[in-house]
Amino acid sequence: MDELRLTGDGSHTLYSPEYGQTYHSRFGAIEESRHVFLQGVRLEELLKRNETVTLLEIGFGTGLNFWLSARPFLTGNRRLNYRAVEARLLPGEIFSRLNHARLLGLDEPFGAFLRWRTDLDEKNPGTHSFRYNTLRMELFPGDALQADYAENSCHGVYLDAFSPDKNPELWSVDFLQRLYRALKPGGLLATYSSRRSVREALTACGFCVEKRPGPRGKREILSAYKP
Ligand SMILES: C[S@@+](CC[C@H](N)C(=O)[O-])C[C@H]1O[C@@H](n2cnc3c(N)ncnc32)[C@H](O)[C@@H]1O
């Protein structure tokens, strides 16, 4: 069972005994997610466009990236289409203990999400869909390697698997190539890893890879652009 932990900015993360890793940086889960993922795909710029924004996340976990990304869409009429894959969907009981929604002032939509999670029929095969106002979240419950990724469909990809040594299947050239195809031209893939092997694998797929300064506790991270 994953354990709840407090990080440096007061937001929760989980520790997975199975992977021997926390889901986020111990220096600050919210701080890290904003810096690595939202800034990594330039969400602020995407918000200025007059179109539905489509994001894909590999490793939904606690849903922190989803809630942070969803927040600006909850005011106004811009639409977010969020696609996520998760092999081990957390039980409602764990979601309900996380403090992310409270810290982000999202109690109401999070309450709707918890009710959705509680009523979810996990025996029902296929993608689960959560809708709230202008948000649409499509969750594929299973191995990311088995999911379908529509080509040229996403403005941004959040690659938030566990680290390459613990979760190697999600950092392989074959899998990254599928994420490359899922992105629209001009789209960005954001990840917290800056390993040389990841950089090389992304480059081999055709991405233009850039190092950028990391959040607290991490010198560098990567952002990969699809020309
Ligand atoms: C670093 S944690 C996720 C952090 C998450 N984005 C969050 O904000 O909480 C990595 C996630 O990837 C999931 N995962 C690992 N291997 C997977 C696979 N092959 N397919 C789908 N999900 C996987 C784990 O269950 C875990 O939830």
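Here the structure is a predicted model, which means the values were calculated and not measured.

**Q** Before we move on, could you go through the pattern of salt bridges and cite the residues and values that matter?
**A** Scanning all chains against the criterion turns up 11 salt bridges. The shortest N-O distance in the salt bridge between Arg88 and Asp2 comes to 3.6 Å. Placement of Arg88 in the loop between strand E5 (80-86) and helix H4 (92-97) and of Asp2 in the segment before strand E1 (3-6) is noted, with a sequence separation of 86 residues between them. Between Glu18 and Arg88 there is a salt bridge, with its nearest N and O atoms 2.9 Å apart. In this pair, Glu18 sits in the loop between strand E2 (12-16) and strand E3 (21-22) while Arg88 sits in the loop between E5 and H4, placing the two residues 70 residues apart along the sequence. When its relative accessible area of 57% is taken as the criterion, Glu18 is described as exposed. Within this structure, Asp2, Glu18 and Arg88 form a network of salt bridges that share partners.

**Q** Outline the site of the ligand, listing residues and values.
**A** In the vicinity of the ligand, 22 residues are found, and the nearest of them are His24, Gly59, Thr62, Glu86 and Asp160. Residue Ala87 places a main-chain N or O atom 3.1 Å away from a nitrogen atom belonging to the ligand. Here a nitrogen atom of the ligand sits 3.0 Å away from a polar atom, N or O, in the side chain of Asp143. Contact with the protein chains hides 98% of the accessible area of the ligand, taken as 600 Å² for the molecule alone.

**Q** Residue-level account of the sheet that holds E3, with values.
**A** Strands sit in the order E1-E2-E3 across an open sheet of three strands; the sheet is antiparallel. On the outer flanks of this sheet lie E1 and E3, each paired with one strand and no other. Relative to E3, E2 runs antiparallel, the two sharing two bridges. From the neighbouring strand, Tyr15 faces E3, where its bridge partner is Thr22.

Rules of the game
- Residues numbered from 1 in each chain as written.
- Predicted model: local features only at pLDDT ≥ 70, side-chain atom pairs only at ≥ 80, totals over all residues.
- Heavy atoms only, no water.
- Salt bridge = Lys/Arg side-chain N within 4 Å of Asp/Glu carboxyl O.
- Helix = DSSP H or I, 4+ residues; strand = E, 2+ residues; numbered from the N terminus.
- Buried < 20%, exposed > 50% of the residue type's maximum accessible area, 1.4 Å probe, protein only.
- Near = heavy atom within 4 Å.
- Polar contact = N/O pair within 3.5 Å; in protein donor to acceptor, adjacent residues only side chain to side chain.
- Areas by Shrake-Rupley, 256 points an atom, 1.4 Å probe, with all protein chains shown as cover.
- Pairing = 2+ DSSP bridges.

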